[in-house]
Amino acid sequence: MGQRLYFCAPFLFNSMPKFTSLTQLLKREQIRNTLFGLLLLSAIFISVQRGPPQTESSNVIFSQDISLITQLPERRDALEYLLLAQPLSEFPRYLIKYKDQAKIISVKVPSNTHVNLEREVLLRNGIPYAIAQPEWLAANNQVLRESPEEENFRNMLLAFLSRNVVGLFLLVLMLIGLKKGMPGMMSGVKVTRPEELRGSLDDLIGMDDIKREVRHLESMIHNRSVYQSHNIDKPFNVMLTGPAGTGKTKLAGYLARQLNIPLIQSSGASLESGLVGGGSKTLNGIYKKACAQGRCMIFLDEAQSLFMPRGRGERKWDDDTANTLLGLLDGIKSEEGREVIWVVASNFDDSNSEMDEAMLRRFSVKINFRLPNKAERRELLRVFLGRKDTSVIDWEHLDLNAVAEVTANLSPALLESVVDRSSMIAIEEDSRIDTDLLFRAVERTAIGLTDRAASADKDRQRERVALHELGHFFMQIDPMLKQGMPLADIKEKSLLMKISTESVSKLGALGYVLSATPDTGLQTLEDLEQDVMQLYGGVAAEELFYGARGISVGSQNDIQKVTVRLEMMVNQLSMYSRSKLDYRQLKRDGASDTSVRELEQKADELYARTLRAIATYRDCMVQLKDVLMERYVLSKDEVFELLENLQNKGFFCIQKNRLMLS
């Protein structure tokens, strides 16, 4: 920051005569923040350096009581001297000094009262007095000061201002902010010229369905007159939805660049100023800025909070921002906002979240982004790797099909993170990027750092973890073994990547089974039940080897996932009922519900099936457990190699489409 100030300061001073240059300079957020910081530091310095003024000690008694003058004849003998100061002023002073008092009494009286006092008291009673000379007043200037009450008030006021200069300064800034916008209210808003934007539609690898929607949107904007002939005035309030990292932000920049219009970008978080009405004020400020640009695009990113149903919070002002957006999207009928294009992005959509109907109606164009399929993931990986130097990639030992297989349900942004992570590992190990290294990058991205030292001296704990993870694995391949499928075919179809007893601090786990995630499809009841039994494999293995009272808390995450899955099967999809109803809605409406008992019944049934199945693999699990304890990690190739060795030794055989242990 210091270096930036060093280079900016000369430019600032040289530009002072040029008002337009100074204005452009102050538009930079860093310069504004720097100036604000300097002002704040100056205010703090002044408040520290300047304390409350000190009150000097005085030998003068101040008063405005004329009785002190009328009693002079009675105390004539005690009077040392009487002086009259500034007799021709509006407020002359009587300076009385008694022999038995050390202090001078300064009595301030109005000029008309002074005339009467001088005639009726001093002259009539022969009280000697003299006019105070300037030399004497200069030596005793304290007698001409104001009374203590007036002086104390002034001192208190100055002391208050000195002590609270910073608070008053910030109060003034806040008042200015309430009038013209608080610092930070518009800090997340920036205008980008079309020539500064980068990217093209080719950045969306594959995604042909989305590209068609985008080209249609371009046509709508370019041919606006055609839509106006159909009495459609603004056909391009655009809503972009889809998972994070799928390219919604890049698409907004591409559109602005293609249309050759400025892009004003903000986010839902920037609208949360923390002040009542702050979000509405920011939105109106964005809109005015857009209207000043003429034809331009407003892009609100991460705006899912604006689409939530209104009127459900206790604080009604929380809906002000959404209400303002509703008005700006549809309520502006003047010529001012006709050329403004609104593009709003959200990570949610109305298919998986409850959204405000009034807000959804404002968007005549909705583009739903999706996660890439296997072919698109392979192409994305190829593009990301192609940006690197060819010398760092071992293309001969790189199977992008295999990597695309294990990266199901990853967004383009996460795939790019996987490729970047592979580069970091390659640099650290001084190696080239190949399939194995990309697999490890996927694991590092999905799971995080692993550590075997945390449980290296805890053999009993590692034994339990090993059996737990092997239980998951055997329930994964159980359906294929029951079909009598050869181990070679099972290996090809298995999604297993590795079994590990290394701890993962990110997940709070002491071991894990890393499997490729299949592309999301239409799962049947049988598929869902198999998922539940695979999740139950770990806890069933613990019960098999340690008894029902030997199940550890390590099964907590599996049981939570099972509960969610069964709740969906029983209540949401009513897969076990002839009446196909969403029982969750009935439960919200207060109807009687027996779904908990049915859920428990199905959980008991599936867990019993898992226990029976896992018992048939007991001896195999013992053999694999010993090797896993020794090596900590077993890859897919190592696991199936061990199974083949056991089969070749006649350790188990397949009879009647079921694995039978010898």
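Below is a short write-up of the structure. (Residues numbered from 1 in each chain as written. Predicted model: local features only at pLDDT ≥ 70, side-chain atom pairs only at ≥ 80, totals over all residues. Heavy atoms only, no water.)

### Quick word on the sheet that holds strand S11 (residues 365–368)
By way of backbone hydrogen bonds, the strands of a sheet pair with one another, either parallel or antiparallel.
Now for step 1: If you trace the six strands from one edge of the open sheet to the other, you get S6-S8-S9-S10-S7-S11, paired in mixed fashion. Edge strands, defined here as strands with exactly one partner in the open sheet, are strand S6 (190–192) and S11. Pairwise comparison of adjacent strand axes, ignoring direction, gives a mean angle of 20 degrees for this sheet.
Now for step 2: Pairing of strand S7 (residues 238–241) with S11, which is carried by four bridges, proceeds in the parallel orientation. In the sheet register, Thr241 faces S11, and the bridge partner there is Asn368. (Pairing = 2+ DSSP bridges. Helix = DSSP H or I, 4+ residues; strand = E, 2+ residues; numbered from the N terminus. Axes fitted to C-alpha atoms, helices over the stretch in contact; angles between N-to-C directions.)

### Some remarks on unusual backbone geometry
Now for step 1: The residue Gln86 is not glycine, and still its phi comes out positive at about 55 degrees.
Now for step 2: Locating Gln86 in the fold gives a position in the loop between strand S2 (79–85) and strand S3 (93–98).
Now for step 3: Gln86 gets classed as partly exposed once you look at its relative accessible area, which sits at 38%.
Now for step 4: For Asp430, which is not a glycine, the phi torsion comes out positive at approximately 55 degrees.
Now for step 5: Among the secondary structure elements, Asp430 is positioned in the loop between helix H17 (412–429) and helix H18 (435–446). (Buried < 20%, exposed > 50% of the residue type's maximum accessible area, 1.4 Å probe, protein only.)

### Quick look at the nonpolar core
Now for step 1: Grouped together as the largest cluster of nonpolar side chains are 44 residues, with contacts concentrated most on Phe473, Phe474, Tyr536, Leu566 and Leu643.
Now for step 2: Taken together, the elements giving at least two residues each to this core come down to helix H19 (459–482), helix H20 (487–493), strand S13 (496–500), helix H21 (525–546), helix H22 (556–572), helix H24 (595–615), helix H25 (618–631) and helix H26 (636–648).
Now for step 3: The dominant element in this core, judged by the number of residues it contributes, is H19, at nine residues.
Now for step 4: When neighbours within four sequence positions are excluded, Phe474 is seen to be in contact with Ile614, Tyr617, Cys620, Met621, Leu624 and Leu643. (Core = buried A, V, L, I, M, F, W, Y, C linked by side-chain atoms within 4.5 Å. Contact = heavy atoms within 4.5 Å.)

### Some thoughts on the packing of aromatic side chains
Now for step 1: Counted under the stated rule, the structure contains five aromatic pairs.
Now for step 2: When the ring of Tyr536 is compared with that of Tyr607, the centres are 5.1 Å apart and the planes differ by 70 degrees; the resulting orientation is edge-to-face. Taken as a pair, Tyr536 in helix H21 and Tyr607 in helix H24 lie far apart in primary sequence, 71 residues in all.
Now for step 3: Exposure remark for Tyr536: the relative accessible area of 10% places this residue in the buried category. (Phe/Tyr/Trp six-rings, centres within 6.5 Å; stacked < 30°, edge-to-face > 60°.)

### Focus on H17
Now for step 1: With 18 residues, H17 extends 26 Å between its outermost C-alpha atoms, agreeing within 8% with the 26 Å of an ideal straight helix rising 1.5 Å per residue.
Now for step 2: When we look at burial in H17, the residues that qualify are Pro412, Leu415, Val418, Val419, Ser422, Ser423, Ile425 and Ala426. Projected down its long axis, H17 shows its buried positions confined to an angular sector of 165 degrees, all on one face. In H17, the exposed residues that point more than 90 degrees away from the buried face are Ile427 and Glu428.
Now for step 3: For H17, the elements touching its buried residues are helix H15 (374–386) and H18.
Now for step 4: Asp430 lies just past H17 and shows a positive phi near 55 degrees. (Expected span 1.5 Å × (residues − 1). Arc of directions from axis to C-beta.)

### Description of the environment of Lys250
Now for step 1: Structurally, Lys250 can be placed in helix H11 (residues 248–259).
Now for step 2: Judged by relative accessible area, which is 55%, Lys250 ranks as exposed.

### Details of the side chain of Arg377
Now for step 1: Within the secondary structure, Arg377 is located in helix H15.
Now for step 2: For Arg377, a relative accessible area of 1% gives the class buried.

### Some thoughts on the packing of H19 against H26
Now for step 1: H26 packs onto H19 with a crossing angle of 70 degrees between their chain directions and a minimal axis gap of 13 Å. Of the possible angle classes, the one that applies to H19 and H26 is roughly perpendicular. Contact residues: H19 offers Phe473, Phe474 and Ile477, while H26 offers Val639, Phe640 and Leu643.
Now for step 2: Grouping the constituent residues of the contact of H19 with H26 by class yields six nonpolar, no polar and no charged. (Parallel < 35°, antiparallel > 145°, perpendicular 65-115°, else oblique. Nonpolar A, V, L, I, M, F, W, Y, C, P; charged D, E, K, R; others polar.)

### What to know about the pattern of salt bridges
Two side chains of opposite charge can pair, provided their charged atoms sit close to one another.
Now for step 1: This model, assessed by the stated rule, comprises 22 salt bridges.
Now for step 2: Close ionic contact of Glu429 with Arg440 constitutes a salt bridge, the shortest N to O distance being 2.7 Å. Of the two residues, Glu429 sits in helix H17 while Arg440 sits in helix H18, which places them eleven residues apart along the sequence.
Now for step 3: Using a relative accessible area of 40% as the deciding quantity, one classes Glu429 as partly exposed. (Salt bridge = Lys/Arg side-chain N within 4 Å of Asp/Glu carboxyl O.)

### Remarks on the pairing of S13
Now for step 1: Burial of S13 is extensive: five of the five residues sit out of reach of the surface.
Now for step 2: When S13 meets strand S15 (residues 512–515), the two strands line up antiparallel, connected through four bridges. Looking at S15, one finds that Ser500 is bridged to Tyr512.
Now for step 3: The sheet contact formed by S13 and strand S16 (residues 633–635) spans three bridges and is antiparallel. Note on S16: the bridge partner recorded for Ser500 is Val633.

### Details of the environment of Gly279
Now for step 1: By the element assignment, Gly279 lies in helix H12 (residues 278–293).
Now for step 2: The spacing of Gly279 and Thr321 is 42 residues in sequence and 5.2 Å in space, taken between C-alpha atoms.

### Description of the state of the cysteines
Now for step 1: If you walk through the whole model with that rule in mind, you get zero disulfides.
Now for step 2: Free cysteine: Cys291, not disulfide-bonded; nearest cysteine sulfur from Cys296 at 7.4 Å. (Disulfide = S-S within 2.5 Å.)

### Some remarks on the sheet that holds S2
Now for step 1: Taken in spatial order, the five strands line up as S1-S4-S3-S2-S5 in an open sheet, and their pairing is mixed. Either end of the sheet is taken by a strand with one partner, and the two such strands are strand S1 (60–63) and strand S5 (130–131).
Now for step 2: Here S3 pairs with strand S4 (residues 104–108) via four bridges, running antiparallel. Looking at S4, one finds that Tyr94 is bridged to Val107.
Now for step 3: On top of the sheet, helix H5 (residues 111–125) reaches S2 and S3; it is set at about 40 degrees to S3, its chief contact.

### Some thoughts on the packing of H17 against H18
Now for step 1: Orientation of H17 relative to H18, taken along the N-to-C sense of each, is 115 degrees, at an axis distance of 8 Å. In the packing of H17 onto H18, the handedness of the crossing is right-handed. Taking contact as the criterion, the partners of Ser417, Val418, Arg421, Ser422, Ile425, Ala426 and Glu429 in H17 are, on H18, Leu437, Leu438, Arg440, Ala441, Val442, Arg444 and Thr445.
Now for step 2: Partitioned by chemical class, the residues of the contact of H17 with H18 number seven nonpolar, three polar and four charged. (Left-handed = near helix turned anticlockwise from the far one by under 90°.)

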